[in-house]
Amino acid sequence: MAEVGAPKAARITAGPVSSPAMPIGKVSAVEAESRPTGIGELDRVLGGGVVPGAVILLAGEPGVGKSTLLLEVAAQSARRGQRTLYVSGEESAAQVRLRAGRTDALVDELYLAAETDLGAVVGQVDAVDPTFLVIDSVQTMAHPEVDGAPGGVTQVREVTGALVRLAKERNIAVVLVGHVTKDGAIAGPRMLEHLVDVVLAFDGDRHSGFRMVRATKNRFGPSDEVGCFDMVDTGIVEVSDPTGLFVSEHAEPVAGTCVTVMMEGRRPLLAEVQALVGPSAAPQPRRTTSGLESSRVAMVLAVLGNRAGLKLTDQEVYVATVGGVKITEPVADLAVAISVASSVMDKPIHPGLIAIGEVGLAGEVRRVGGLEKRLAEAARLGFTKAIIPADVPNRSKESKPMDIEAKYGLRTFAAGDIRAALTAAGLT
């Protein structure tokens with residue numbers, strides 16, 4: 001037996017510092033001011049624009065339009081006199097040039113390179129000396145000193161870390177295009193999202209040209225903003241007022257439709273819910289939904305059957321939204337209930353009516369957040385009546401229903417339960 005002492009931790013010797021520490025009030029914030037990209041919807045999501053030295057990760061499904069959007073952003077940056085470098089690892093330079101000609105992105109200050117080696121990318125940065133850098137995509141880049149195929153966990157981590165250091169050292173704004181898995185999550189290690197400053201999710205329906213950019217992480221602005229775009233033949237254009245895309249126009253009132261107001265980030269958007277109810281000869285009638293959570297629609301149908309007396313056990317029910325929009329918040333419960341009841345009774349509701357509220361299992365109509373913003377948006381677009389929850393708190397920051405009527409000219413009906421809501425909609 002021999003006594004062995006515990007190993008001592010190695011001491012770290014002091015090294016040179018990049019810049020001396022100073023009081024935080026004396027640190028200049030001019031270099032961290034955001035620069036507008038020239039695309040208002042993207043600036044809304046980023047919090048005003050792109051910050052020099054920031055690293056932005058834009059992820060989305062294949063074919064959603066990531067490269068088209070970033071090529072337009074790069075062209076707008078070059079038009080403002082900022083030298084921009086677009087590095088493509090998935091397409092050749094000729095292919096990107098062809099798309100740039102179609103989208104009117106041919107600018108002298110926009111430089112293009114096709115590289116997959118990180119060392120070659122750094123060499124291109126040294127030669128061009130850009131202030132804005134786009135990497136399309138990070139999964140195609142390979143670090144020359146790291147083993148593994150491009151797109152692997154180790155390669156993605158090391159490539160991203162090297163690009164982050166490059167952005168901070170040279171004060172270059174860097175945008176990385178990221179792939180997603182079949183579940184919609186960002187491909188690669190979770191550390192990838194921790195390394196970058198901003199994470200943007202770019203999504204949309206394949207059968208519709210409407211696209212949305214959401215910020216899931218933003219160190220320089222809000223992380224709950226949404227930008228709206230539309231894919232057209234000449235590229236991608238921003239949509240500053242997308243409400244009209246989700247509401248259909250009818251020459252005459254149609255049974256089975258109801259409009260609600262959802263919140264995408266801080267932006268209120270009107271969305272129309274349509275329902276079709278008919279008899280079924282099958283022992284198990286169909287329950288089909290599109291753009292809504294099937295579990296919430298099934299719950300609303302059960303509440304209508306037990307609390308409002310609507311017999312739906314032998315009826316087929318189809319519920320969908322207009323324009324391919326997806327509603328994930330429970331604010332659409334009341335609109336679903338009214339549209340289904342309207343279809344069952346074959347009786348249309350007032351064309352200027354909207355319904356806002358969550359439906360509980362006891363049949364009560366619960367309040368939702370941002371009620372005044374929702375009603376203000378509905379009033380701006382010409383709606384005159386609104387069914388809202390009756391339990392709006394008087395001590396909240398939101399206006400009382402009577403104040404809303406005087407302020408926006410929108411007549412409100414406070415419904416405590418589902419029966420009262422159907423009565424206010426004229427369906428009893």
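Definitions and limits used
Residues numbered from 1 in each chain as written. Predicted model: local features only at pLDDT ≥ 70, side-chain atom pairs only at ≥ 80, totals over all residues. Heavy atoms only, no water. Salt bridge = Lys/Arg side-chain N within 4 Å of Asp/Glu carboxyl O. Buried < 20%, exposed > 50% of the residue type's maximum accessible area, 1.4 Å probe, protein only. Helix = DSSP H or I, 4+ residues; strand = E, 2+ residues; numbered from the N terminus. Core = buried A, V, L, I, M, F, W, Y, C linked by side-chain atoms within 4.5 Å. Contact = heavy atoms within 4.5 Å. Polar contact = N/O pair within 3.5 Å; in protein donor to acceptor, adjacent residues only side chain to side chain. Pairing = 2+ DSSP bridges. Right-handed = clockwise from strand over helix to strand, strands pointing away. Phe/Tyr/Trp six-rings, centres within 6.5 Å; stacked < 30°, edge-to-face > 60°. UniProt positions renumbered as here; feature names shortened; annotations may be inferred. 1 Å grid on protein atoms, 1.4 Å probe; cavity = no way out; pocket = protein on both sides within 12 Å on 5 of 7 lines; lining within 4 Å. Axes fitted to C-alpha atoms, helices over the stretch in contact; angles between N-to-C directions.

A word on the pattern of salt bridges. Under the definition given, this model contains 18 salt bridges. We note a salt bridge from Arg366 to Glu358, for which the minimum N-O separation is 3.6 Å. Look at Arg366 and you get partly exposed, because its relative accessible area is 35%. In this structure, Arg380 engages Glu377 in a salt bridge whose closest nitrogen and oxygen atoms are separated by 2.7 Å. One end of the pair, Arg380, and the other, Glu377, are both in helix α9 (residues 371-380), three residues apart, so they sit about a helical turn from each other. Salt bridges here are not isolated pairs; linked through shared partners, they connect Arg296, Asp333, Glu358, Glu364 and Arg366.

When you line up the elements, Glu41 lands in helix α1 (residues 40-46). On the accessibility criterion, Glu41 (3% relative accessible area) is buried.

This next bit is on the nonpolar core. In this structure, Leu304, Val319, Leu334, Ile338, Val340 and Ile354 are the most contacted members of the largest nonpolar core, which totals 62 residues. Ranked by residue count, the leading element in this core is helix α8 (residues 333-345), at seven residues. Residues contacting Leu304, with those up to four places away along its chain left out, are Gly309, Leu310, Leu312, Ala337, Val340, Ile418 and Leu422. Leu46, Val73, Ala78 and Ala100 belong to the second-largest nonpolar core, a separate cluster that totals 33 residues.

This paragraph deals with the side chain of Thr84. If you trace the backbone, Thr84 turns up in strand β2 (residues 84-88). Among the polar contacts made by the side chain of Thr84, one reaches the side chain of Ser77 at a distance of 3.2 Å. Aside from chain neighbours lying at most four places away, what touches Thr84 is Ala74, Ser77, Ala78, Glu109, Leu110, Tyr111, Pro130 and Phe132.

Consecutive side chains of a regular strand alternate in pointing toward one face of the sheet and then the other. Where strand β8 (residues 226-232) and strand β9 (residues 235-238) come together, four bridges link them in antiparallel fashion. Bridged to Phe229 within β9 is Glu238. Once β8 ends, the chain turns through two residues before running back antiparallel as β9.

Quick look at the pairing of β2 now. Burial runs high along β2: five of the five residues are buried. Two strands pair when backbone bridges link them, and β2 and strand β3 (residues 110-114) are joined in this way by five bridges, in the parallel orientation. Residue pairing across strands places Val87 opposite Ala113, the latter belonging to β3. After leaving β2, the chain enters helix α3 (residues 93-102) and then returns to the sheet as β3, a path that is right-handed.

Evaluated as defined, the whole model comprises two aromatic pairs. For the pair Phe210 and Phe246, a centre-to-centre distance of 5.0 Å together with 90 degrees between the ring planes defines the contact as edge-to-face. Linking Phe210 in strand β7 (residues 210-218) with Phe246 in the loop between β9 and β10 (257-264), this pair joins segments that are 36 residues apart in sequence. Phe210 sits in the buried class, given a relative accessible area of 10%. By relative accessible area, Phe246 is classed as buried at 1%.

Within this numbering scheme, the UniProt entry marks Gly60, Glu61, Pro62, Gly63, Val64, Gly65, Lys66 and Ser67 as carrying the feature "binding site: ATP" (unreviewed entry). None of the other annotated residues line the largest pocket; only Gly60, Glu61 and Val64 do. Along the chain, Gly63 turns up in the loop between β1 (55-60) and α2 (66-79). What makes Gly63 exposed here is its relative accessible area of 67%.

This paragraph deals with the UniProt feature "domain: RecA family profile" (unreviewed entry) in the protein. The positions that UniProt labels "domain: RecA family profile" (unreviewed entry) are, in the present scheme, residues 31-180. In the segment residues 31-180, helix accounts for 40% and strand for 18%; the C-alpha atoms at its two ends are 32 Å apart.

It is worth spelling out the sheet that holds β9 at this point. Strand order in the open sheet formed by nine strands is β3-β2-β4-β5-β1-β6-β7-β8-β9, with mixed pairing between adjacent strands. With one partner strand each, in any of the chains shown, β3 and β9 form the two edges of the open sheet. In this sheet, adjacent strand axes meet at a mean angle of 25 degrees when their direction is disregarded. When β1 meets strand β5 (residues 173-178), the two strands line up parallel, connected through five bridges. Bridge pairing in β5 places Val55 opposite Val174.

This brings us to α9. Within α9, seven of the 10 residues are buried, which leaves the element mostly enclosed by the surrounding structure. Of all the positions in α9, only Leu371, Glu372, Arg374, Leu375, Glu377, Ala378 and Ala379 are classed as buried. Directly after α9, the chain includes Gly382, whose backbone phi takes a positive value near 95 degrees.

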